[in-house]
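Geometric and topological summary
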Amino acid sequence: MIPLGFTPWPRAATNLVGALLLSLGLALTAGGAMRPPLRPAGASPPVAANPNGGPRPRPPRRKAGAKPDEIEAGERLFRRNCGRCHTPPEDLSPRAAAAVVRQMRIRGLLPAADARLILLYFRG
Amino acid sequence: MSGGVSPRRPRRAIRPGFRSRYRAARPALAGCLVALILLGAVVGASAQQPPIVSGGAGFLAQTQAGATYLQPVIAPVVAAPLGEHWLFESRSDLRGFISHPSPAAGDGNSGYDAQFFGTLEYLQADYLVNSRLTLVAGRFLSPFGIFNERLSALWIDKFQTGPIISAIGVRGGYADGVMLRGVALTRPKLQLNYVLYEAVQSAVHKLESTRAEGGRAGVFLPTFGLEFGGSFARSPKVGGDSEDVYGAWVRGDWDVKGEAARALGGRGDWIQAAYRLARGRGPDSPLGRLEPVWRWQQFHRVRPMAGDFLPGANLREEDYGVNYYLPQNLRLNVAYLRSQGPGGAPTSWQLGLTYRFLLPL
């Protein structure tokens, strides 16, 4: 018996809402499954041996492909290409660089090779 | 028991209406499946390439014929890369238009009138096919000329108002459809780029679009900081055909751009020059942050055409401005616009403060 004042939703809308909720749940699960596996609990990174007895500090790792001449070329290309339209941003987070460079490659019609060097410059 | 075939057990009756409800839900289920795949992929891939929220915000003021107009505006951009080939991006423009009538109006109204507008400028999916080709689908900025796609952003445009001929070839400025774009040829001293698009007719609210097709080709000479090109647009239903040529020279502290375009309703051109006083002092010095700007433009009405977003009569305008680039991506702009002709107000003053923001999510 339908309570007074209750109007049932159309069937198609009910199907859509149910499908959306199911999709959201599966998407969150699938997204988690696509992340790289976490390091097992308690594991620590390997430490190089120190002949003096204590652990040797690990030298800073240079990003793969970021050679000094490529970074210099990237800065030059950045000023040459991006400067056609606007002033350079005062600060650009390396995390944001990928999205920015891809957007500018498409919107500003940057050659692929130039976009790669500009990205190395931002992340270098 | 008889030797004949036993009677077939009747099939379990299907509830009436089940098949029709399933057919009605199939499109929704298909759409949700696609959304599921995309959402899962975005979540999984976002660790290395997080989406960004960027864009411009500002407060603009203009005084014209004694009346003052205030415009608070924010134009956020969302860009989400996905994998090695995809980018989903969108930009909106949210602004208020607050006007205070001129005391000379004499109607005794001393208050402000306010209206607010929201526009979806683009919402597109980009796919990088290879180094020479990108496919775009969705709602995008009409790629006609040099201004609409590259210079119209709030924090890029040297003046508050775009050129008076900026509507030629783009009408409202946006199109729904598909686009091919890319760099056809790349050499150390030469780049050739191209754009081709097809737009569909749309009367959907906030997604209005006019049936059109067009393209643009450009040449960029990096060594000289020089680029030039041309555009065309075909709109059978409105406005007819439009053509455009443009050029730009950006070298050192100089930034010079210009464009000439024509449509069925008229033709016009503009040239703009800006000089950043950074030579010898650096762009971060007090004087180096200063940038005088000058623009000259004209429009000649050939035949009356309602709704083409162009001045109703001949118009010539000369604009003088100064931009001051403050720290933290802030920019102060002051400009004086002087018009000649029945198509515009004689003089107007503009004052604006804009801010460019960029945040990784």
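The preceding data block contains the structure.
Here's what I pulled together on the structure shown here. (Residues numbered from 1 in each chain as written. Chains lettered and ligands numbered in written order. Predicted model: local features only at pLDDT ≥ 70, side-chain atom pairs only at ≥ 80, totals over all residues. Heavy atoms only, no water.)

Another aspect to go through is the overall build of chain B. The secondary structure content of chain B amounts to two helices and 16 strands. By the burial criterion, 42% of the 361 residues in chain B qualify as buried. Contacts in chain B between residues at least 24 apart in sequence constitute 52% of all its contacts with a sequence separation of at least 6. Carbon and sulfur atoms make up 62% of the accessible area of chain B, which totals about 18,600 Å². (Helix = DSSP H or I, 4+ residues; strand = E, 2+ residues; numbered from the N terminus. Buried < 20%, exposed > 50% of the residue type's maximum accessible area, 1.4 Å probe, protein only. Contact = heavy atoms within 4.5 Å. Areas by Shrake-Rupley, 256 points an atom, 1.4 Å probe, with all protein chains shown as cover.)

As a further point, take a nonpolar patch on the surface. Residues and elements named next belong to chain B. Where nonpolar side chains cluster on the molecular surface, the patch consists of Val129, Leu135, Leu180, Leu196 and Phe232 and spans about 360 Å² of accessible area. As for its position among the elements, phenylalanine 232 is in strand 9 (residues 226-235). By relative accessible area, which is 33% here, phenylalanine 232 ends up partly exposed. (Patch = residues over 30% accessible without salt bridge, like charges linked within 9 Å, V, L, I, M, F, W, Y side chains within 5 Å. Salt bridge = Lys/Arg side-chain N within 4 Å of Asp/Glu carboxyl O.)

Attention shifts here to the pattern of salt bridges. A side chain of one charge can pair with a side chain of the opposite charge when the charged atoms of the two come close. Scanning all chains against the criterion turns up 18 salt bridges over all chains. Across the pair B:Glu89 and A:Arg107 runs a salt bridge whose closest N-O atoms are separated by 3.3 Å. You can see B:Glu89 sitting in strand 3 (residues 86-100) and its partner A:Arg107 sitting in helix 3 (residues 94-107), one on each of two chains. Of the charged contacts, one joins B:Lys257 and B:Asp255 as a salt bridge, the two residues approaching to 2.6 Å between their closest N and O atoms. Members of the salt-bridge network, linked through shared partners, are B:Arg234, B:Asp241, B:Glu243 and B:Arg262.

Attention shifts here to helix 4 (residues 112-123) of chain A. Between the first and last C-alpha of helix 4 of chain A there are 17 Å, a value that for 12 residues agrees with the 16 Å anticipated at 1.5 Å per step. By the burial criterion, the buried members of helix 4 of chain A are A:Asp114, A:Ala115, A:Leu117, A:Ile118, A:Leu120 and A:Phe122. Those residues of helix 4 of chain A hidden inside the fold are in contact with helix 2 (68-81) and helix 3 of chain A together with strand 7 (190-199) of chain B. (Expected span 1.5 Å × (residues − 1).)

Residues and elements named next belong to chain B. For arginine 139, the position within the fold is in strand 5 (residues 134-141). Within polar-contact distance, the side chain of arginine 139 engages the backbone oxygen of glutamate 208 at 2.9 Å. Leaving out residues up to four positions away in the same chain, arginine 139 has contacts with Leu120, Glu121, Tyr122, Leu123, Gln124, Tyr174, Ala175, Asp176, Lys206, Leu207 and Glu208. (Polar contact = N/O pair within 3.5 Å; in protein donor to acceptor, adjacent residues only side chain to side chain.)

All told, the structure shown has 10 aromatic pairs over all chains when counted by the stated rule. Ring geometry for B:Tyr336 versus B:Trp349: centroids 4.9 Å apart, planes at 50 degrees, classification tilted. Here B:Tyr336 is found in strand 15 (residues 330-340), whereas its partner B:Trp349 is found in strand 16 (residues 347-360), with 13 residues between them in sequence. An aromatic cluster is defined as three or more aromatic residues linked by ring pairs; in this entry it consists of A:Phe78, A:Tyr121 and A:Phe122. In this structure, A:Arg107 is placed above the aromatic ring of B:Tyr122, and the distance from its NZ or CZ to the ring centre is 4.1 Å. Here the basic side chain of B:Arg356 rests over the ring of B:Trp155, its NZ or CZ set 4.0 Å away from the ring centre. (Phe/Tyr/Trp six-rings, centres within 6.5 Å; stacked < 30°, edge-to-face > 60°. Lys NZ or Arg CZ within 6 Å of the ring centre and 35° of its normal.)

Residue and element names in this part refer to chain B. One ladder, built from six bridges, connects strand 4 (residues 113-128) with strand 5; its direction is antiparallel. Its bridge partner lying in strand 5, glutamine 124 is registered against glycine 138. Hairpin geometry of strand 4 and strand 5 is characterised by an intervening segment of five residues between the two adjacent antiparallel strands. Strand direction decides the pairing type here: strand 5 and strand 6 (residues 174-187), joined by eight bridges, are antiparallel. By the bridge assignment, glycine 138 is partnered in strand 6 with glycine 177. (Pairing = 2+ DSSP bridges.)

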